[in-house]
Amino acid sequence: MAIKYLVGIDFGHGETTASCIDISTGNFQHLRIQDSGGEDSYKIASVIYWIPKDNDSFEFSLKKNHFGKTPAVCLSFKEKINKFGEYGDRIQKAAFENFIRLVYLRLLQLNKSFLSEDGSNFLLFIASPTKWSNQDKTEYKRFVEKAIGREIGWVINESDAAYYQKKQDGLLLVVDFGSSTIDFTLMYNNEKIDIDALSNQLGAQAVELTMWNNYRFDPNKKEGLNDYARQKNIMEDYKRQGGMNYLDLDDWMRLFLREAKEYAYTFDSELSDFSWRGAMCKRLFEKKGLPCQMMFGEESSDEFLGSYMKAVSDCFEKVRNRIQSNKRLQELGVDPNQLRLIVSGGASRMPWVCKSLSEVFGIPYDTIKQNKDDRPEYIVSDGIVKYAYALYQVKVGIVDLVKEFKNWLYLFFHLGDDIKRLISKVCSDLYVKRVREDKKVKQYGCHSFQDSEIPNPKRIGETYFKSSILSFMSDIAADINNQLLNDKKAIQDEIFRGIKEVLHEQLNQRMEMLLTKSFGKRAFTWDFLDEKQINWPTIDKDFTIGDNKFEAVSDKCLRFMGQDTNTKYGYSVVPKSLVGGSYRKQRDLEKRKQIIEAYCAFIEQTYFKPYDDDQLERLFSEIDESVVSNIVKSVEKYLTFNPCGYDLEKEIKKELSLAQQKIVVKEMNHTPDISHAFEAYITSCEGKTVSVKVEVGQIRKGDWVEISSGKGEVMGACVVEAPNTSKWMRLVLDREISYIYKEGSIIKRKSK
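Given the structure is predicted, the values throughout are model-derived calculations rather than measurements. (Residues numbered from 1 in each chain as written. Predicted model: local features only at pLDDT ≥ 70, side-chain atom pairs only at ≥ 80, totals over all residues. Heavy atoms only, no water.)

1. Side note on the overall build of the protein chain
Quick note on the threshold: Strands here are runs of E lasting at least two residues and helices are runs of H or I lasting at least four, both read from the DSSP assignment and numbered beginning at the N terminus. Burial classes: relative accessible area under 20% of the type maximum marks a residue as buried, over 50% as exposed, and values in between as partly exposed (1.4 Å probe, protein chains only). Residues count as neighbours in contact if any of their non-hydrogen atoms are within 4.5 Å of one another. Only the protein chains shown count as cover for residues, and the accessible areas themselves come from Shrake-Rupley with a 1.4 Å probe.
A tally of regular secondary structure across the protein chain gives 21 helices and 21 strands. Counting only residues that meet the buried cut, the protein chain has 51% of its 752 residues in that class. Here the analysis covers contacts within the protein chain between residues at least 6 apart in sequence; of these, 71% occur between residues at least 24 apart. Accessible surface, the protein chain as shown: approximately 36000 Å² in total, 47% of it carbon and sulfur.

2. With respect to the pairing of strand β8 (residues 122-128)
Keep this limit in mind: Pairing between strands is defined by DSSP: at least two bridges between them are needed.
Burial within β8 is extensive, with 6 of its 7 residues counted as buried. Relative to β8, strand β1 (residues 5-11) is paired through 5 bridges, and the arrangement is parallel. The partner of leucine 6 across the bridge, within β8, is leucine 123. Direction of pairing for β8 relative to strand β9 (residues 155-157): parallel, over a ladder of 3 bridges. Within β9, the position partnered with serine 128 by the bridge is asparagine 157.

3. Section: helix α20 (residues 613-636)
Put simply, the rule is: The span one expects for a helix is its residue count, reduced by one, times 1.5 Å. Polar contacts here mean pairs of N or O atoms no more than 3.5 Å apart (in protein, one a potential hydrogen donor and the other a potential acceptor; neighbouring residues in sequence count only if both atoms are side-chain atoms).
Across its 24 residues, α20 extends 35 Å between first and last C-alpha, which sits within 8% of the 34 Å expected from 1.5 Å per residue. Put simply, aspartate 612 is the residue that caps the front of α20, since its side-chain oxygen is 3.2 Å from the backbone nitrogen of aspartate 614.

4. Re the sheet that holds strand β12 (residues 191-193)
Threshold: Between N-to-C directions, angles cover 0 to 180 degrees, with each direction set by a line fitted to C-alpha atoms, over the stretch in contact for helices.
Pairing within the open sheet is mixed, and its 4 strands lie in the order β12-β11-β10-β13. A single partner strand is all that each edge strand has here, and the edge strands are β12 and β13 (340-344). Neighbour-to-neighbour, the strand axes of this sheet turn through a mean angle of 30 degrees, independent of strand direction. Sheet analysis places strand β11 (residues 182-188) next to β12, joined by 3 bridges and oriented antiparallel. When the bridges of β12 are listed, tyrosine 188 appears paired with glutamate 191.

5. Remarks on empty space enclosed by the protein
Filter applied, for reference: Cavities and pockets are found on a 1 Å grid laid over the protein atoms alone: a cavity is a set of points where a 1.4 Å probe fits but cannot escape, a pocket is an open set with protein on both sides within 12 Å along at least five of seven lines, and a lining residue has an atom within 4 Å of such a point. Grid points are joined across faces, edges and corners, and a volume is the space filled by probe spheres set on the points. All amino acids are sorted into three groups, where Ala, Val, Leu, Ile, Met, Phe, Trp, Tyr, Cys and Pro are nonpolar, Asp, Glu, Lys and Arg are charged, and the leftover types, Gly among them, are polar.
Here the structure, examined in full by the defined rule, presents 3 cavities of 30 Å³ or more. A volume near 50 Å³ is recorded for the second largest cavity. The element that contributes the greatest number of residues to the lining of the second largest cavity is helix α14 (residues 418-437), accounting for 3 residues. For the lining of the second largest cavity, a count of residues per class yields 5 nonpolar, 1 polar and 2 charged.

6. Considerations on the pattern of salt bridges
Heads up, the rule is: Definition used for salt bridges: Asp or Glu carboxyl oxygen within 4 Å of a side-chain nitrogen of Lys or Arg.
On inspection of all chains with the given rule, the structure shows 28 salt bridges. Between arginine 240 and aspartate 237 there is a salt bridge; the shortest N-O distance is 2.2 Å. Residue arginine 240 and its partner aspartate 237 are located together in helix α5 (residues 227-242), separated by 3 residues, close to a single helical turn. Overall, the relative accessible area of 54% leaves arginine 240 in the exposed class. Across the pair aspartate 624 and lysine 406 runs a salt bridge, and its minimum N-O distance is 2.9 Å. One end of the pair, aspartate 624, is in helix α20; the other, lysine 406, is in helix α13 (residues 379-414), with 218 residues separating them in the sequence. Residue classification places aspartate 624 among the buried residues on the basis of a relative accessible area of 15%. A relative accessible area of 29% places lysine 406 in the partly exposed class. Bridged by salt links that share partners, the residues Lys43, Arg349 and Glu377 form one connected network.

Next comes the structure, spelled out in structure tokens:
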């Protein structure tokens, strides 16, 4: 099934969300994860419930009331995969894997109106904490793939994804404050400045852990059992009576404290404004179906979170200092004081976070609040799919560019003599340059030349000019020929530069447009052809102008100088008979210059062929492979981020392979319409020129053709130029043809 959507899931430490983009329209939406109504249907707490089974395994569910009895609860399970032990963390690992599996299945179920049930019409992407290594991310990707039974496209840093959701020009710091980590991404005009190492484990789970420890080890309790110990005893009795030894009070209490924290920060703004009295505890705790007789003290947030808030503030200080001293920003001439902040992540709702950032970075609190996302829980999943969409558009642009280039390259090498003429021109230019720069040639064309420096011609019966030309060729030009033959590397280098220049001319403008559209205005540089990647053919034959071409060269020179090629001057064919002059006396400066110019003109009009057809075919394959690879590398250099598992070259080759398969299937299933004398498949079009692959028939100058895009657009045109019939050809029409007709068809209707 064709890919229609891109889906990003943020399996968060505290909550999970998913977002989606329609690739045909760019329309964006959140995906339903719960069957409840309203905003809550698009997010789910990262919590899973379980009970043990008889076979030493577990049954998991996203719903507490699924089992018919009180289940155990598992939370805070998102962790580096290599942190799960062989047995001790078995339940945590199984909980994480099953949470991923059940969330994915629920996404398919609740969004089946457009997402296919087998997941075949969308690509899937995920995010991970920024500080995780590539190995950690690779293991996480494989873990998720195993859990849901399908391939994941790639894994992006959570704070990188958050940036792409809210990206702006200038110097920008993303602070993604989540449940488990605080991640940082520093950007300047879409270029990432690496500070990933500053991301840390100071996530907001520390708040409920602090609350939990504050309750378990109540310092105000002077004697007897504290509330935690009493509640523990109640839970143990409850477990024994119900035969539910798998229950753990601490897990349920941590879940309760997380919900209480989120309730407080979402609705009451401050923990210090929230009454931690037994009534609220009882309401929230017994809502889970558990007994409760616990009480919390009335400490304010400043008192029992003081050390945590100080650690977070110190972390912000460290980030600020790193930005102030960053070498890359200094190279770019960027003033660190121009920094702006984007605050994301569910934990950014805690008001003291923005206050702390304001104090550390010297940015007004109201300014930070304005840039803080109103729905921080969605910012990562939104950023995942928006970056996936950007990469998808880049991929499509490159595929189109590569397909056009491949068609052009095939025609350049196989239709007509374009490549042979280019190579011949490169050889002749180098040849002429060597002739004009040669010391002996320069001496031959100046007043100081001594006539006796060139010996008498051996062929006495020739005309004077032929004698002079023969002497020039045998005693001066022959050395240049030998130099060229012995310096094949120089010829190869010139041919390489010539081909590279043509490739650059063909690709440069399209690449500029593609990169500007994808990454904005920048000073782009690229190298489409790398000589080191090419197994260059060996020049193993004499392609130069040797003595065997004397007659052709002398006749060319004589015509160039306006002389009759049959005029005798010098010794006649009769031995010792003079006809006015000698070989050397009449060899004046102007005549010598004419010989040099005539020889260069002969070189320029000579067709040089240093490679045979088999060598050119191998060269075509080498260039084809190398340029495609270098186009991809040129684009990769400007990608904003490089997600773990993303292989742009592999993606391009996969798309090209699918496109080729479609062409092959079309050819296998296509029955030519013999009512038309000509039918062809359009491979590329530019201006009035159309490159086609002929399916059937012939075309001639003056033929009237009908051109179809295959999507409803049809136009007519007259053929102005048509080469001899071949499988591949280029037609010139009497009018320009739009790019929309690329990959369409062209048929002959009648002669105009």
